[in-house]
Amino acid sequence: MRQLYIGGEWVDAESNEGIDVDSPVTGEVIDTVPDASPHDVRRAVEAARRAQRELEEMTAFERAAVLDEVTDYFEEHEDEIAELITREEGKPLHESYEETEYVIESSDDYAHDAIRLFGDVVPSEFRGRFAYTQREPYGPCAVISPWNFPLEVPGGSIYSAIATANPVVFKPAEETPLTAYHIAKAFERSSLPDGAFNLVTGAGETGAELVGHEDVRLIAFTGSTAVGQQIAKTAAERNAQCLLEMGGKDPILVLDDADVDHAAESIVMGSNWNAGQVCCGTERVITTEGIHDELVDAVVEKTEALTLGDPFEEGTDVGPMVSERIQRKVKDHVDGAVEQGARLLTGGDTDGLFYDPAVLDDVTEQMDIATEETFGPVTPVVRVDDYEAAIEVANRSRYGLQAAIFTDSLERAHDAANRLKAGGVFVNETNNYWERLLPFGGYGESGSGGRYGSKWHLEAMTQTKAVMMNYKNY
């Protein structure tokens, strides 16, 4: 069984309880990690607390240099990390390489943005006063990450926390904890002070213990809305700061004047990337009447052209789902929609953890598949009369992560960008979209507390202090 990384050392967990890591690709146990106890969590938080002063006393340039060292490690071990991501999560190998490349490139962004996290000089209304603001860390930070992007998602929060002098205790998802060991090794090899980065593995109880610790002042969580809301309640009891990125039911709107082939290709990518296990994946296609039939035909054709299979094989588009639990939810959503009158046009078969990408037509807002996050390779199509109806249907959701619209009308594009209730709106592009220098996060039950990515992530990890100096007329 592996160890925990606490206070700059690899240490045994308090108990001998472990969690087997099963590969969705082969079904085999590929490793075992500790199920950290409350005592282990307390040790890690105490190590982070002790490291706080030393981390704060480093200059922003020195902390940025640490991220450069971490980047060097990831570049040296990229092949090994990408293959491990595919083994423990199941996504096609080329997608795992895209994830590692994104992390390598974004760590450089965080390093450079951290040294430009400026305060403001504020004009004082009184003579003889000099007023300004500065950004300061919260203190020990819990980073709790999901299984679908085991390197990319925690990477951003860990980078921004370290860059802004918040020491970290990292708890990865129990389904995909092995990639986290590479993150720990990268920081172990760097010049980061001991205790400024700690790794504890475990199930939900480990995360709950971490979230509930009185010395944890900042919690960066990515995962389900239900868990995120519980974290927010726990943190509120001691007024700890939360940065929450949660679920979505992300729509793509396709209007009569859209380029059908481009829209269909973007939809199929959006629904099936990482077997649909993406929080900003395409969960609803809302199409106007005039283009509906042509669009559906194109989506079905492109979906059926996808290659489902071994994620290590070149040419595979869709690999297995991460677990039976996730696959069962997808199947239940599709079966329930069909029972309520939706038409399954293609896909829907299962083989082990593989789920044949599905397209559903005649979906209505009364169906779970139109309102609840499915998180699988499914494209549900909702038909509406016109543009106004499309906007209304898109906004009738408790989620609001990312939305997209396909149209040749500049007027409609700008109007939709203003009216769609989502943290990101993309025109003539899939909603399953991200760029390193754009903020990422949602409205409503999709998130709160700030944004991920670039300078917004760094700002979310800091609090603003006002400073005033009276240098005259004491």
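Quick caveat, the model's predicted, so the values are computed rather than measured. (Residues numbered from 1 in each chain as written. Predicted model: local features only at pLDDT ≥ 70, side-chain atom pairs only at ≥ 80, totals over all residues. Heavy atoms only, no water.)

**Let's talk about the overall build of the protein**
Broken down by element type, the protein carries 15 helices and 24 strands. By the compact-globule yardstick of 23 Å for 474 residues, the protein fits well, its C-alpha radius of gyration being 23 Å. C-alpha extents for the protein along the principal axes are approximately 75 × 60 × 40 Å. Counting every position in the protein, which comprises 474 residues, the buried fraction comes to 56%. Long-range pairs, those at least 24 residues apart, make up 73% of the contacts in the protein between residues at least 6 apart in sequence. With an accessible surface of roughly 19700 Å², the protein has 45% of that area assigned to carbon and sulfur atoms. In the protein, which carries 38 positive and 89 negative side-chain charges, the distance between the mean positions of the two groups comes to 10 Å. (Helix = DSSP H or I, 4+ residues; strand = E, 2+ residues; numbered from the N terminus. Rg over C-alpha atoms; globule rule 2.2 N^0.38 Å. Buried < 20%, exposed > 50% of the residue type's maximum accessible area, 1.4 Å probe, protein only. Contact = heavy atoms within 4.5 Å. Areas by Shrake-Rupley, 256 points an atom, 1.4 Å probe, with all protein chains shown as cover. Lys, Arg positive; Asp, Glu negative; His and termini not counted. Charge placed at Lys NZ, Arg CZ, Asp CG, Glu CD.)

**A short note on the packing of aromatic side chains**
For the structure shown, the criterion picks out eleven aromatic pairs. When the ring of Trp10 is compared with that of Tyr181, the centres are 5.7 Å apart and the planes differ by 15 degrees; the resulting orientation is stacked. Of the two residues, Trp10 is situated in strand E2 (residues 9-11) and Tyr181 in helix H6 (residues 178-189); the sequence distance between them amounts to 171 residues. For Trp10, a relative accessible area of 25% translates into the label partly exposed. Take Tyr181: its relative accessible area is 3%, and that puts it in the buried class. (Phe/Tyr/Trp six-rings, centres within 6.5 Å; stacked < 30°, edge-to-face > 60°.)

**A few points about the nonpolar core**
Ranked by internal contacts, the top residues of the largest apolar core, which has 94 residues, are Phe74, Ile158, Phe170, Phe187 and Phe197. At seven residues, the largest contribution of residues to this core is made by H6. Beyond its immediate stretch of four places on either side in the chain, Phe187 contacts Val66, Val70, Ile158, Ile162, Leu192 and Phe197. Counting residues in each nonpolar core, the second largest holds 25 residues, with Val11, Phe221, Ala240 and Cys242 among its members. (Core = buried A, V, L, I, M, F, W, Y, C linked by side-chain atoms within 4.5 Å.)

**Examining the environment of Pro193**
With respect to the helices, strands and loops of the structure, Pro193 is situated in the loop between H6 and strand E9 (197-199). Sequence separation of Pro193 and Asp257 is 64 residues, and the distance between their C-alpha atoms is 57 Å. Excluding residues that lie within four positions of it along the chain, Pro193 makes contacts with Glu54, Leu55 and Met58.

Distances and angles like these do not, on their own, reveal function.
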